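Report on the structure
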Amino acid sequence: MNFRANTENAGEWLRGAGPLADVVISSRVRLARNLAGLPFVAKANRRQRYEVLESCRSQILAKPLSANTLFVHLNDATALDRQLLVERHLISRQHGASKNDVPRAVAVGSEETFAIMVNEEDHLRIQVLRSGMQLDDAFGQINGIDDMLEEKLEYAYSRRFGYLTACPTNVGTGIRVSVMLHLPALQLTGEIDKVKRAARDMHLAVRGMFGEGSDAQGDLYQVSNQTTLGKSEEEILADFGQTVVPQIVNYERQARQALVRDRGPQLDDKIWRAWGTLTHARVISTKEVLSLLSHVRLGVNLGRIEGIDIRTLNELFLLIQPAHLQRLSEEEMNPAARRIARARLIRQRLGG
Amino acid sequence: MNQKCDECDRPATHHGVDVVDGQKIPVHLCDQHAAEHGLTGKTPHMPIAELLNSFVQKHSGGDSTPRVAENLTCESCGATFAEFRDNSLLGCADCYTAFEGPLSPLMERAHEGGTHHAGKVPRRAGVGERRQVALRQLRRRLDDAVQSEDYEVAAQLRDEIDGLVG
């Protein structure tokens, strides 16, 4: 696997551009698909799992899905490479876990705009990532990929239940639409819990940066649909993209304005202290960095601090993670050494 | 005093020791963070697990439904409903038919009342299949239009449905 070339940069989705980019970091659409006539991954035996892997591999590589599609067998990949893929959101934690000995793979498209996991919970998990609010574009691309794969692969499908998935929470369209939101002001004003409750009432899942079971480090939240049966893809996208996301974005923007209006000095203090620590610390943990980056990012978006490229900040959210840090430093490091290297990297990137 | 989780305010249920540079550092984590740190198995699917729990509780008052459901077995792959209850995963496509009885109400609740697919149809499923889904979508939109007394749209949808049925 050769991610060395692009470890230094983040994928297209962290560009910090796109509609509503002050709040919406990225948009993601994922489709779950299974091959007809074979048990789902958990129940499949070794031979069947290899059969799935090979059928999917040959069809993915036979199709012009991107200029240069990389196919990575995860069982042969090093722990560091797998962790790198997890940090870049190209595979799930479960797919990257070292104890997972299922023959499995991921196909990654040029610019990392799509990734196809093979033999995760379902035979195929196709995902498309975009920066900012670009769900419709993302859906357009993923629908095309799905059509191309379907030319040769016969999917498990029923008239009543639609695309059949290992977990019935994904059945029907098999679609999961999600956005990663940066919500520091709602966090600071304490209104985030209200938003979470409202989102749950609307049958949406609210999770941390790394999906299921992860907490919201850096005030980054993933919001996604839960209902996949009984609505079309277009309806799900419309509900989400035209109603839910704009509403949350509005709440966050209002909370930001309220902070500027009512607690300006305290807000500036938070932002500038964060900047001070990031540019001067010599030993620093991931958790602390994420929280400080969040405040600086808020400061940049509100124009309270100038001359900092939002892309540099977005990239740091990624590059300070353990596997990236080790890849950039070209050496394996224990947590203590990583904290030192992390502080150095941040000072370099932010010019401290 | 109850020890709190190192990463949140929930009570810690997993306790251990990390060794960093020869120094012992005690670790206390709640279920969720322990799962995240890979100390316990993979994180469960919350929604379906919650639904299953309430389902079982609802039916535990002398009703024999869960017992019967537990013993259901899928003939294609050998999966049992009890296995599904444990890990929220079905064994194969045929499990949807084999477990339809106990599964249907769960799915309906997990999908806001959705019981039938209304989205994309694989090309291989054939023209008839796609028409079925299109009809179902149109009829649902027709219901909505009538509900909101949007008769112009309703008439238009009715025409489209007639066109497909004709």
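Our structure is the block above this text.
Residues take numbers from 1 onward in each chain, read along the sequence in its written order. Each chain is given a letter, starting from A, and each ligand a number, starting from 1, according to the order in which they appear as written. With pLDDT at 70 or above as the cut-off, local features in this predicted model cover only qualifying residues; side-chain atom pairs require 80 or more to be listed or tallied, and sums for whole chains, interfaces and linings still use all residues. Think of the side-chain values as coming from all heavy atoms in the structure, minus any hydrogens and water.

1. Section: the overall build of chain B
Rules: Helix and strand labels come from DSSP, where a helix needs a run of H or I of at least four residues and a strand needs a run of E of at least two; each type is numbered from the N terminus. Partly exposed residues are those whose accessible area sits between 20% and 50% of the maximum for their type, while under 20% is buried and over 50% is exposed, using a 1.4 Å probe and protein chains only. Note on contacts: a residue pair qualifies if any of its non-hydrogen atoms lie within 4.5 Å across the two residues.
In terms of regular secondary structure, chain B is built from 8 helices and 2 strands. Helices and strands in chain B line up, N terminus first, as β-β-α-α-α-α-α-α-α-α. Taken across its 166 residues, chain B has 35% of its residues classed as buried. Excluding contacts between residues fewer than 6 apart, the proportion of contacts in chain B whose partners are at least 24 apart in sequence is 27%.

2. Quick look at the pairing of strand β4 (residues 114-118) of chain A
Residues and elements named next belong to chain A. Convention followed: DSSP calls a pair of strands paired once it identifies at least 2 bridges connecting them.
For β4, the buried fraction is high: 5 of the 5 residues fall into the buried class. In β4, alternate side chains face the same way, and those of F114, I116 and V118 on one face and A115 and M117 on the other are all buried. Where strand β3 (residues 105-108) meets β4, 4 bridges bridge the pair, whose relative direction is antiparallel. When the sheet's bridge partners are listed, V108 is paired in β4 with A115.

3. Some details on the interface of chain A and chain B
The criterion, for reference: Summed over both partners, the accessible surface that disappears when two parts come together, traced with a 1.4 Å probe, is what is meant by buried area. Salt bridges are identified by distance alone: a Lys or Arg side-chain nitrogen within 4 Å of an Asp or Glu carboxyl oxygen. We call two N or O atoms a polar contact when they sit within 3.5 Å, provided that within protein one can donate a hydrogen and the other can accept it, with sequence-adjacent residues counted only if both atoms are side-chain atoms.
In this complex, chain A contributes 52 residues to the contact, which on the side of chain B involves 51 residues. Across the chain A/chain B interface, buried area totals approximately 4400 Å², and carbon plus sulfur atoms make up 51% of it. Summed over the shared surface of chain A and chain B, the number is 7 salt bridges. For R140 of chain B, the salt bridge identified is with E235 of chain A, shortest N-O distance 3.1 Å. Counting across the interface, chain A meets chain B through 19 residue pairs in polar contact (both at pLDDT 80 or more). Elements represented by at least two residues in the side of chain A that touches chain B include exactly α4 (93-96), α5 (135-150), β6 (157-158), β7 (162-163), α8 (233-262) and α13 (335-350) of chain A. In terms of residue count, α5 of chain A provides more of the side of chain A that touches chain B than any other element does, 4 residues in total.

4. Observations regarding α5 of chain A
Residues and elements named next belong to chain A. For clarity, the threshold we go by: One fewer than the residue count of a helix, multiplied by 1.5 Å, yields its expected span. To obtain the arc, one takes the directions from the helix axis to the C-beta atoms.
Here α5 spans 22 Å end to end across 16 residues, near enough to the 22 Å set by a 1.5 Å rise per residue. When α5 is considered as a whole, its buried residues turn out to be L135, A138, F139, Q141, I142, I145, D146, L149 and E150. One side of α5 holds all its buried residues, which, seen down the axis, span an arc of 170°.

5. Side note on helix α6 (residues 100-110) of chain B
When α6 of chain B is considered as a whole, its buried residues turn out to be P102, L103, S104, L106, M107 and A110 of chain B. In the stretch just after α6 of chain B, E112 of chain B is the one whose phi turns positive, near 50°.

6. Here we look at the packing of aromatic side chains
Residues and elements named next belong to chain A. Which entries qualify depends on this criterion: Pairing of aromatic rings covers Phe, Tyr and Trp, the last through its six-membered ring, and needs centres within 6.5 Å; plane angles under 30 degrees mean stacked, over 60 mean edge-to-face, and all others mean tilted.
The final tally for this structure, using the stated rule, is 5 aromatic pairs over all chains. Where Y155 meets Y163, the ring centres are 6.0 Å apart and the plane angle is 70°; that geometry is what we call edge-to-face. Of the two residues, Y155 and Y163, both sit in the buried class. Taking the centre distance of 5.4 Å and the plane angle of 70° together, the rings of Y157 and Y163 count as edge-to-face. For Y157, a relative accessible area of 16% gives the class buried. Residue classification places Y163 among the buried residues on the basis of a relative accessible area of 1%. A network of ring pairs unites the aromatic residues Y155, Y157 and Y163 as a single cluster.

7. Focus on the nonpolar core
This is how the line gets drawn: What is meant by a nonpolar core is a set of buried Ala, Val, Leu, Ile, Met, Phe, Trp, Tyr and Cys residues, joined one to another through side-chain atoms within 4.5 Å. An automatic or database domain assignment supplies the start and end points of every domain.
Among the nonpolar cores identified, the biggest contains 94 residues, and I60, I116, V118, L124, L149, V179 and F240 of chain A are the most heavily contacted of them. Of the residues forming this core, the biggest block, 9 residues, is contributed by α8 of chain A. Counting the residues that make up this core, at least three belong to each of domain 1 (12-256) and domain 2 (264-350) of chain A. Sequence-distant contacts of F240 of chain A, defined by excluding residues within four places in its chain, comprise L135, V177, S178, V179, L204, V223, S224, N225, V245 and P246 of chain A. Counting 23 residues, the second-largest nonpolar core is a separate cluster that includes A166 of chain A together with C74, A79 and F99 of chain B.

8. What about the sheet that holds strand β9 (residues 204-207) of chain A?
All names here are of chain A. Put simply, the rule reads: Fitted lines through C-alpha atoms give the axes, limited to the stretch in contact for helices. The angle between two N-to-C directions lies from 0 to 180 degrees.
If you trace the 8 strands from one edge of the open sheet to the other, you get β2-β3-β4-β5-β1-β8-β10-β9, paired in antiparallel fashion. Edge positions in the open sheet fall to β2 (70-73) and β9, since each of these has one partner strand only. When the angles between neighbouring strand axes are averaged without regard to direction, this sheet yields 20°. Its contacts with the sheet put helix α7 (residues 192-201) on β9 and β10 (220-225), and the angle it makes with β9 is roughly 145°.

Nothing here speaks to function; it is geometry throughout.
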